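Survey of secondary and tertiary structure
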Amino acid sequence: MEKSPISLHKKLFYHPDRLSSFLKTGSTTPITWELDPTNNCNHDCIGCYAKGAGGRSNNEFLRLEEAKDYVDQIHDLGAKAVNLTGGGDPMMNRATPEIVSYIKSKGMDIGMVTNGSLFNDKNSEIILENCTWVRISLDSGSPKVFSEIRRRPEKEFWIIIDKIGKLAALKRKIESDCTIGVGFLTSKQTIPDMVEFTKLMRSSFIDYVEFRPFHGDYTIPYNIDDCLKMQTETFKVHYNTFKYNGSYKKKYCKCHGQNFSGIINVHKVYVCCHFRGVEKYELGDLRESSLEEIWNSDRRKNIVDNIDFNDCIALCKLDLVNRSLSELEGEPSHVNFI
């Protein structure tokens, strides 16, 4: 069976120290932190969950020294990786390439989610030399659908396609091992573009494409098999049918996954990536308290204990992680007999 880089629940077992801490105490510190360098974005995507939740209620950004301070605190709390995302688009902050280099200097892995519109020769090389992976969000295979979804001029579609191709070419030139992927959110509006999108991406020589549904639109892509047929040894198509179960309800009673994945939206720490900007799920502000203080605070414990799943997206990012952790919760009888 192929090991997908997006099978988050399987990765848990490669961190036995954190799992052991969780099983003994019910808590641990994140392996990964999502860090938003800015809330500013140059696209205005339909259905942007960060904007909808309030995570883009302002255009705040991190100054380089602030970012270094937060990265130091993330490192000191034992993190293994930092994902630069949003919020807004990470590349809207001019300090982001320097932030990338600084994270790498601390010995942590780096991922980035971006719309790809702001890549240039200089920042692309820094990203490819330092990042473990980069995922570009495109959600379209034609200028028309791109413009409808992203609310940007149609001509920008081809500019981004060109930038993706140049990024992949530069990767080969400098012999980078950074994985380059492109994401596509499926919906009734975007599904007709899936095959053309896959063709374009395969011809751009990236590593993979990923299909998953827009939040709330569980329309099954009728053409996914045509996309899957385009896979090669060096080009993968990631698609999980379970993400399209519109009737799914969470069966576990508590979100344990948040222990392993932390969220910093510019200055503020949240319990979950889907709750950026939601005041009731704000754990603290790094301008007022340290990350360690926030993580160990009574406020965080109270928020975690009272997460209302009615506020949650059913098939959220950490759902499979939570399913795995809920099965591990509570020591079974005769634990030494396997």
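This text follows the structure it describes.
Nothing here was measured: the structure is a model prediction, and the numbers come from that model.

In protein chemistry, a disulfide is the covalent bond that joins the sulfur atoms of two cysteines. Under the counting rule described, the total for this entry stands at zero disulfides. Of all cysteine sulfurs, the one in Cys-272 lies closest to Cys-273, which takes part in no disulfide; the gap is 4.4 Å.

Core analysis: the largest hydrophobic core is formed by 72 residues, its most contacted members being Trp-33, Leu-84, Leu-138, Met-201, Ile-206, Phe-211 and Val-271. Top contributing element to this core by residue count: helix α8 (residues 155–174), with seven residues. With near-sequence residues (within four places) excluded, Ile-206 lies in contact with Ile-164, Ala-168, Ile-180, Gly-181, Val-182, Met-201, Thr-234 and Phe-235. In terms of nonpolar packing, the next biggest core, distinct from the first, is built from eight residues, Leu-19, Phe-22, Ile-31 and Leu-325 among them.

Right, let's talk about the pattern of salt bridges for a bit. In the structure shown here, the tally under the stated rule is 23 salt bridges. In this structure, Arg-212 engages Glu-210 in a salt bridge whose closest nitrogen and oxygen atoms are separated by 3.5 Å. Judged by its relative accessible area of 29%, Arg-212 is partly exposed. With relative accessibility at 7%, the residue Glu-210 sits in the buried group. The closest approach of N and O atoms between Asp-319 and Arg-323, which form a salt bridge, is 2.7 Å. Here Asp-319 and its partner Arg-323 are both found in helix α13 (residues 319–328), four residues apart, which amounts to about one turn of the helix. Exposure remark for Asp-319: the relative accessible area of 1% places this residue in the buried category. One network of salt bridges, in which partners are shared, links Glu-34, Asp-36, Arg-276 and Lys-317.

This brings us to unusual backbone geometry. The residue after Gly-86, namely Gly-87, is reached through a cis peptide bond having omega 20°. Not every positive phi belongs to a glycine, and Asp-139 is a case in point at roughly 65°. Locating Asp-139 in the fold gives a position in the loop between β4 (133–137) and α7 (143–150). In this structure Asp-139 comes out as buried when scored by relative accessible area, which is 5%. Of note, the phi angle at Phe-205 is positive, near 65°, even though the residue is not glycine. Checked against the element boundaries, Phe-205 lands in the loop between α9 (194–203) and β6 (208–213).

As summarised here, the arrangement of the ten strands in space is β7-β6-β5-β4-β3-β2-β1-β8-β9-β10, forming an open sheet in which the pairing is mixed. Of all the strands in the sheet, the pair left with one neighbour each is β7 (236–239) and β10 (282–285). Put simply, the sheet's adjacent strands are angled 20° from each other on average, direction ignored. Examined bridge by bridge, strand β9 (residues 268–270) and β10 share three bridges and lie antiparallel to one another. The partner of Val-269 across the bridge, within β10, is Gly-284. Strands β4 and β5 (179–186) of the sheet are contacted by α8, whose axis makes an angle of about 155° with β5. Against the sheet, α9 contacts β5, β6 and β7, and its axis sits at roughly 170° relative to β5.

Analysis parameters
Residues numbered from 1 in each chain as written. Predicted model: local features only at pLDDT ≥ 70, side-chain atom pairs only at ≥ 80, totals over all residues. Heavy atoms only, no water. Disulfide = S-S within 2.5 Å. Core = buried A, V, L, I, M, F, W, Y, C linked by side-chain atoms within 4.5 Å. Buried < 20%, exposed > 50% of the residue type's maximum accessible area, 1.4 Å probe, protein only. Helix = DSSP H or I, 4+ residues; strand = E, 2+ residues; numbered from the N terminus. Contact = heavy atoms within 4.5 Å. Salt bridge = Lys/Arg side-chain N within 4 Å of Asp/Glu carboxyl O. Pairing = 2+ DSSP bridges. Axes fitted to C-alpha atoms, helices over the stretch in contact; angles between N-to-C directions.

Remember that the coordinates give geometry; whether it matters functionally is a separate question.
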